[in-house]
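Notes for the structure review
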Amino acid sequence: MKATPRSHAKYIKFGLYALIVILINIAGIRLFFRGDLTQNGIYSLSPVSVKVAETLTEPLTVKVFFTRDLPAPHNTTEIYLRDLLGEYALNNQKYFRVHFYDVSPETEGVSEAARENQQMARDYGIHPVQIQIVEQDELKFKQAYMGLVMIHGDIIERIPTITTTDGLEYQLTTAIQKLNHKVSALLALDGNIKATLVLSSDLFKVAPYMNLKHLDQYPEEIKAVVDRMKAKTYGKLEFERIDPSRAGTSSQGLDGFNLLRLQWPDIEKANIAAGQGTIGMLLQYKDKTREIPLLRVVRVPIFGDQYQLTSVEELEDLINTNIERLININEDVGYLTAYGTLDIGGGSPLGPQEDSLNLFGNLLNKTYTVKPIDLKEETIAPGLKSMVIVRPIEKMSDYDLYQIDQALMRGTNLALFIDAFEEKMPANQGPFMSNQMPTFVPLDTGLEEMLAHYGVRIKQAVVLDEKCHRQVKPRQQGGGEQPIYFIPKIEGANINKDLDYLKNIKGLFAYLVSPLELDNERIAAQEVKAHELFASSERSWEMRDRIVLNPMFLTPPASDTEMARRPLAYLLEGVFTSYFKDKPMPEKPAKDDADSSSDQPTEEAAADADKSVETADLSQIQDQGGFRETSMPAKIFVVASSKMLSDQLLDENGQSPNTMFVLNMIDALNDREAVAAMRSKEQRFNPLAPTTNSTKVLIKSFNMVGLPILVVGFGLLVWWRRHARRKMIQQIFGQ
């Protein structure tokens, strides 16, 4: 049968259609469009993430070890991670590379390739974690890999466990930034970092009796770790061993370090003479030193002292973390010490305390290098971007206030968490005894007056609010809820939404907070803009003079005239006028302790000084340019409550609204507003919008009565239309 031209045309047309479909698919690989309809754009990269990806100039490889076919919600986490890394890769297809590795569960059949991938994951420090799953109505446990490593040059950064999508973009972006900073900092080092192992060989004799096995092999193992890390730090790490037990070994200079030193008596049974030994590690770069403890002593009741040696795997992480702090890859944040301020690293053997700032310190150290500043001993370094001041209770001298003022004038932003009162427990009563209530004494540190000069005053009162935290009472006390009026619940409507980094924060809790008051004349006199960050509800009032915070004795005022909305936090930004303008420069207070005697001039020195004064006319010397009357553009964040930083209101993962608010404000003071906005993009706290009682009654009535009436009405309408249609047809065919 001979093919006709018509049949040829049919095949040609089919071929053209197929070619068009193929070309469209090829074009779709390069030219496509994605849309994110979520309110916060949680499935799209933030501008700062896009910028971080685009500015990569060297290959960055992400190796993901995630067990496949995990149940919900872990499978959702894997899908989100794939999409997110895909977004990064799209913004830098040349240098951003992503590899997913198959790591089958260990409890199931493992292929040879998966076994090799598991070993690779372990080599990178990614270990399986135990997760709970429900199969066939049974709760089971399963081992799963859920981590990744980033490799940039010779530097590795890892996220060992990814169990939630919360804050995942923030983790990835900050990790990439950290890698970039670390590479730059290491390459810029003028010399090597010395890792010095201090280990007395005499300890090898008593190690078996301390249940420390193979301690004699420990130096070689540590040397292997350091050598391995040397290749990952561009050769900037070198190993050294000091054995204080060895004759002729110099241990001078070790006394100044807090290394663990052990002493033991004669052990006749083992024929061991009395002796002593030292163990620890020092990381040193120029005049900076970090100490790494290698042996922990744990005192267990009945069993006595137990000794735990730092594992080799753990040591690599410790060295890596301490190198980052040693070379300052993070930006500095100043923290005022002395004057009774809270200790940012003040851990307690009794566990978290009410005034503990452990969580705040840990969270801050992840992003910044915290620089303690004692104004009695040092000055504030020029160039410091921000300084945090938390609850000073002692009176500051004019000289100390002058330093803070001039730091602000130089552009150092201030974060002030200041209390209006000092809480004092009755004498002879411990913190766990509740026979008497504490008293609250008004504070006057000098900061209050200086702050008022800049434009905001702290009122001597405590804000109580009907919209507050409600504590569930135990059944023995009658059950129900007890309102805690001095822990106001800040609703989203009372949080500033004009600032991008606060836009997604839907609610907060304040704690023992005092109201703030703006001085509009001072604000107007300076080129300053004031942002009210959050406020109490319209149903809040103030407690003044005699402060009593026993919830059982607190009731709202009888009259609504005392009820009003009260500002609780402000951000001032602009050009400030110095508090010491038109005032004489304050003198530095003389030291009054015994140590100050060395600083006092001797009689001979005083006599020499007198002679030099006689021979030189110092009145001709004038200083100029050291004092700034107006500031560079700067910011002051103030909230009258140090409790906002307490462990009670923060969480260790940085996901609660209070934690995000605090960290976002610190970021904003360090010109990292974009990073702050990215942190709070995935805000899981989404409370319902408050409604009035009349609205609630209206909605409830509509649901109960309105919806049935609508259904009945719709049914009647359908019945009427059918009846009308039937009647019309009867009329047409009945004629």
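Described below are features of the structure shown in this document. (Residues numbered from 1 in each chain as written. Predicted model: local features only at pLDDT ≥ 70, side-chain atom pairs only at ≥ 80, totals over all residues. Heavy atoms only, no water.)

Read across the sheet, 3 strands follow the order E22-E23-E24 without closing on themselves; strand pairing throughout is antiparallel. With partners counted over all chains shown, the strands left at the sheet margins are strand E22 (468–472) and strand E24 (507–509), one partner each. For this sheet, the mean inter-axis angle between neighbouring strands, taken without regard to orientation, is 40°. (Pairing = 2+ DSSP bridges. Helix = DSSP H or I, 4+ residues; strand = E, 2+ residues; numbered from the N terminus. Axes fitted to C-alpha atoms, helices over the stretch in contact; angles between N-to-C directions.)

Once that is clear, we can look at the side chain of lysine 182. Counting through the fold element by element, lysine 182 comes out in helix H5 (residues 168–187). In terms of polar contacts, lysine 182 uses its side chain to reach the side chain of asparagine 320, at 2.5 Å. Once you skip the residues sitting within four places of it in the chain, lysine 182 turns out to touch Ile155, Asn320, Glu324 and Ile329. (Polar contact = N/O pair within 3.5 Å; in protein donor to acceptor, adjacent residues only side chain to side chain. Contact = heavy atoms within 4.5 Å.)

This brings us to the pattern of salt bridges. Should the charged atoms of two oppositely charged side chains come close, the side chains can pair. Under the criterion given, the structure shown has 25 salt bridges. Here lysine 286 ties to aspartate 190 by a salt bridge, and the two come within 3.8 Å at their closest N and O atoms. Of this pair, lysine 286 sits in the loop between strand E10 (275–285) and strand E11 (288–292) while aspartate 190 sits in the loop between H5 and strand E7 (193–199), and the two are 96 residues apart along the sequence. Each of the two residues, lysine 286 as well as aspartate 190, counts as exposed. With a shortest N-O distance of 3.5 Å, arginine 457 and glutamate 517 are connected by a salt bridge. Remark: glutamate 517 occurs in strand E25 (residues 516–518) and arginine 457 occurs in strand E20 (residues 456–458); sequence separation between them is 60 residues. For arginine 457, a relative accessible area of 34% translates into the label partly exposed. When salt bridges that share partners are traced, they join Lys459, Glu542, Arg544 and Arg566 into one network. (Salt bridge = Lys/Arg side-chain N within 4 Å of Asp/Glu carboxyl O. Buried < 20%, exposed > 50% of the residue type's maximum accessible area, 1.4 Å probe, protein only.)

Our next topic: the pairing of strand E29 (residues 634–639). Within E29, 6 of the 6 residues are buried, which leaves it mostly tucked inside the rest of the structure. A two-sided burial pattern is seen for E29, the buried positions comprising Ala634, Ile636 and Val638 on one face and Lys635, Phe637 and Val639 on the other. Summarising the sheet, strand E17 (residues 413–417) and E29 pair through 4 bridges and their orientation is parallel. In the strand pairing of E29, phenylalanine 417 is matched with valine 639. Strand direction decides the pairing type here: strand E28 (residues 567–575) and E29, joined by 6 bridges, are antiparallel. Looking across to E29, one finds that leucine 572 is bridged to isoleucine 636.

Residues alanine 72 and proline 73 are joined by a peptide bond in cis, for which omega reads 5°. Mapping proline 73 onto the fold places it in the loop between strand E1 (60–66) and helix H3 (74–90). Its identity is not glycine, yet lysine 286 carries a phi of approximately 55°, on the positive side. Of note, the phi angle at arginine 391 is positive, near 50°, even though the residue is not glycine. Mapped onto the secondary structure, arginine 391 falls in the loop between strand E16 (386–390) and helix H10 (398–409). Residue classification places arginine 391 among the buried positions, given a relative accessible area of 17%.

A word on the packing of H3 against H5. In the contact formed by H3 and H5, the axes pass within 11 Å of each other and the chain directions differ by 40°. Here H5 runs oblique to H3, going by the angle between their axes. Crossing angle aside, the handedness with which H3 passes H5 is right-handed. In this structure, H3 contributes Tyr80, Leu81, Leu84, Leu85 and Tyr88 to the contact, and H5 contributes Leu168, Glu169, Leu172, Thr173 and Ile176. Considered class by class, the residues forming the contact of H3 with H5 number 8 nonpolar, 1 polar and 1 charged. (Parallel < 35°, antiparallel > 145°, perpendicular 65-115°, else oblique. Left-handed = near helix turned anticlockwise from the far one by under 90°. Nonpolar A, V, L, I, M, F, W, Y, C, P; charged D, E, K, R; others polar.)

Core analysis: the biggest nonpolar cluster contains 97 residues, and Ile404, Leu533, Phe534, Phe637 and Phe661 have the highest contact counts within it. The element contributing the most residues to this core is helix H14 (residues 657–669), with 7 residues. For phenylalanine 661, the residues in contact, after removing those within four places along its chain, are Leu502, Ile505, Leu508, Leu533, Phe534 and Phe637. Formed by 68 residues, the second largest nonpolar core is a distinct cluster that contains Phe96, Leu148, Leu262 and Ile272. (Core = buried A, V, L, I, M, F, W, Y, C linked by side-chain atoms within 4.5 Å.)

Attention now goes to the pairing of strand E21 (residues 462–465). Side-chain alternation along E21 places Val462 and Leu464 on one buried face and Val463 and Asp465 on a second face that is also buried. Bridge analysis of E21 against strand E27 (residues 540–543) gives 4 bridges, and the strand direction is antiparallel. For aspartate 465, the partnering residue across the bridge sits in E27 and is serine 540.

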